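Each chain is listed here by its residues.
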Amino acid sequence: MVRNSLLSTLGETRPVLIAGATASGKSALALDIAAKLGGVIVNADALQVYSGWRLLTARPSDEEENGAPHALYGHVANHESYSVGNWLRDIGPILSGDKRPIIVGGTGLYFRALTEGLADIPAISANIRAQSADLLSQGGLQQMLDDLDAETRARIDVQNPMRVARAWEVLQGTGQSIVSWQAKTPPPLLPLAACHALHLTSTVDWLNDRLKRRFDIMIAQGALEEARSNFETWDPEWQSSQAIGAPELIAHLSGHLSLEEATVLAVTASSQFAKRQRTWFRKRMASWQRYNADQL
């Protein structure tokens, strides 16, 4: 089997990185590696850090967490912001621990910062972040792009409002482009050459089918109840509120959507998110070992 062949190449000491689109089977592979070769499974997903969204972010279950050591899952309150820099600070002690890290997730920027380093950009003021949020809410994405220099526009994902907003905030807050800050990036915590770097790929149809079935399972397991438990404190501006399916289920609980409509919209959002992930990984992870998820 392909999976057994893969496991035989990993040894027992070098850190393992597992990246791929949502629902591509990353966590299951990480559990197999931990069970057969040992190690601690470390979260590299920007939404699985939040305590209030376990089902909708597909965090490991209690049973899975009991089967192997896990770290950096559900340790951040819903109302808190959590950056790539926060994640790097949290993962540092784990990298120097006595267990081999198996770092798994779908947030490409986490992996990039880990293996390439992260620019030490000063904190951006709340006032500038509020201006940024207002611009986005008023359809000002193009205005933000117009304010950026050509090099920055060429380097960021201009289709991703959050990336554009971040670049705009850095320029407004520091007077320097995000690209100039990135040019002063310190050495990485974990160079790619020191890892087994695995990228799980798949066909679009295979993944979309899994996404549809996974959301149905989430609902059956209590995702609607999870949304209901977050309803009273819901704030669409929180980072945690980007959990796929959360806005749709909140809209259902608010009486704006039927559950069927919410499900269709959530699955569509999942597919669109997975498409963006695949594009990002394809461009940024050309040197990683690629494995077809549907054959593992």
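Described in the following lines is the structure provided in the data block.

### Details of the nonpolar core
Most often, soluble globular proteins keep nonpolar side chains buried together rather than apart.
Then step 1. In this structure, L17, W87, I91, I103, F111 and L114 are the most contacted members of the largest nonpolar core, which totals 28 residues.
Then step 2. Looking at this core, the elements that each hand over two or more residues are strand 1 (16-20), strand 2 (40-43), helix 4 (84-95) and helix 5 (108-116).
Then step 3. The element contributing the most residues to this core is helix 4, with five residues.
Then step 4. With near-sequence residues (within four places) excluded, I103 lies in contact with V16, L17, I18, V42, A44, W87, I91, L95, F111, L114 and L190.
Then step 5. One finds L6, I18, I102 and L200 within the second-largest nonpolar core, a separate group that totals 20 residues.

### Thoughts on the pattern of salt bridges
Then step 1. Here the structure, examined in full by the defined rule, presents seven salt bridges.
Then step 2. Between R155 and E151 there is a salt bridge; the shortest N-O distance is 3.9 Å. Of this pair, R155 and E151 both sit in helix 8 (residues 150-155), four residues apart, roughly one helical turn.
Then step 3. Assessed through its relative accessible area of 39%, R155 is described here as partly exposed.
Then step 4. Judged by relative accessible area, which is 48%, E151 ranks as partly exposed.
Then step 5. Ionic pairing is found between R213 and D209, a salt bridge with its closest N-O pair at 2.9 Å. In this pair, R213 and D209 are both assigned in helix 11 (residues 204-221), four residues apart and thus about one turn of the helix distant.
Then step 6. The partly exposed category is assigned to R213, whose relative accessible area is 46%.
Then step 7. One network of salt bridges, in which partners are shared, links R54, D62 and E65.

### A look at the sheet that holds strand 6 (residues 289-292)
Then step 1. Ordered by their spatial adjacency, six strands build an open sheet running 3-2-4-1-5-6, and the pairing between neighbours is parallel. Single-partner strands in this sheet number two, and they are strand 3 (70-71) and strand 6.
Then step 2. With five bridges joining them, strand 1 and strand 5 (residues 196-201) adopt parallel strand pairing. By the bridge assignment for strand 5, G20 is matched with L200.

### A look at the packing of helix 11 against helix 14 (residues 259-284)
Then step 1. Their axes nearest at 10 Å, the elements helix 11 and helix 14 cross at an angle of 140 degrees. Relative to helix 14, helix 11 is oriented oblique. The way helix 11 lies across helix 14 gives a crossing that is right-handed. Between helix 11, through V204, L207, N208, L211, K212, F215, D216 and I219, and helix 14, the contact on the second element is made entirely by L259, T263, A266, V267, S270, S271, A274 and R278.
Then step 2. Residues of the contact of helix 11 with helix 14, tallied by class, amount to nine nonpolar, four polar and three charged.

### Notes on the packing of aromatic side chains
Then step 1. For the structure on display, the rule yields four aromatic pairs.
Then step 2. With 4.6 Å between their ring centres and 15 degrees between their planes, W87 and Y110 make a pair best called stacked. Note that W87 is positioned in helix 4 and Y110 in helix 5, a separation of 23 residues in sequence. The residues W87 and Y110 share a single accessibility class, namely buried.
Then step 3. Between W280 and F281 the ring centres are 6.0 Å apart and the planes differ by 90 degrees, which places this aromatic pair in the edge-to-face class.
Then step 4. The buried category is assigned to F281, whose relative accessible area is 2%.
Then step 5. Taking NZ or CZ as reference, K184 lies 4.2 Å from the ring centre of W181, over its face.

### Remarks on empty space enclosed by the protein
Then step 1. What the rule picks out here adds up to one cavity of 30 Å³ or more.
Then step 2. A volume near 30 Å³ is recorded for the largest cavity.
Then step 3. When residues of the lining of the largest cavity are assigned to their parent elements, the largest contribution, three residues, is made by helix 2 (residues 26-37).
Then step 4. In terms of residue class, the lining of the largest cavity is built from five nonpolar, two polar and no charged.

### Overview of helix 14
Then step 1. Under the 1.5 Å per step criterion, the end-to-end length of helix 14 is 37 Å for 26 residues, consistent within 8% with the ideal 38 Å.
Then step 2. Those residues of helix 14 that sit buried are A262, T263, A266, V267, A269, S270, S271, A274, Q277, R278 and F281.
Then step 3. Contact partners of the buried residues in helix 14: strand 1, helix 5, strand 5, helix 11 and helix 13 (246-253).

### Observations concerning the pairing of strand 5
Then step 1. Burial analysis of strand 5 places six of its six residues in the buried class, which makes it a mostly covered element.
Then step 2. In strand 5, alternate side chains face the same way, and those of H196, L198 and L200 on one face and A197, H199 and T201 on the other are all buried.

Definitions and cut-offs
Residues numbered from 1 in each chain as written. Predicted model: local features only at pLDDT ≥ 70, side-chain atom pairs only at ≥ 80, totals over all residues. Heavy atoms only, no water. Core = buried A, V, L, I, M, F, W, Y, C linked by side-chain atoms within 4.5 Å. Buried < 20%, exposed > 50% of the residue type's maximum accessible area, 1.4 Å probe, protein only. Helix = DSSP H or I, 4+ residues; strand = E, 2+ residues; numbered from the N terminus. Contact = heavy atoms within 4.5 Å. Salt bridge = Lys/Arg side-chain N within 4 Å of Asp/Glu carboxyl O. Pairing = 2+ DSSP bridges. Axes fitted to C-alpha atoms, helices over the stretch in contact; angles between N-to-C directions. Parallel < 35°, antiparallel > 145°, perpendicular 65-115°, else oblique. Left-handed = near helix turned anticlockwise from the far one by under 90°. Nonpolar A, V, L, I, M, F, W, Y, C, P; charged D, E, K, R; others polar. Phe/Tyr/Trp six-rings, centres within 6.5 Å; stacked < 30°, edge-to-face > 60°. Lys NZ or Arg CZ within 6 Å of the ring centre and 35° of its normal. 1 Å grid on protein atoms, 1.4 Å probe; cavity = no way out; pocket = protein on both sides within 12 Å on 5 of 7 lines; lining within 4 Å. Points joined across faces, edges and corners; volume = space filled by probe spheres on them. Expected span 1.5 Å × (residues − 1).

Scope: geometric values only; no functional claims are made or implied.
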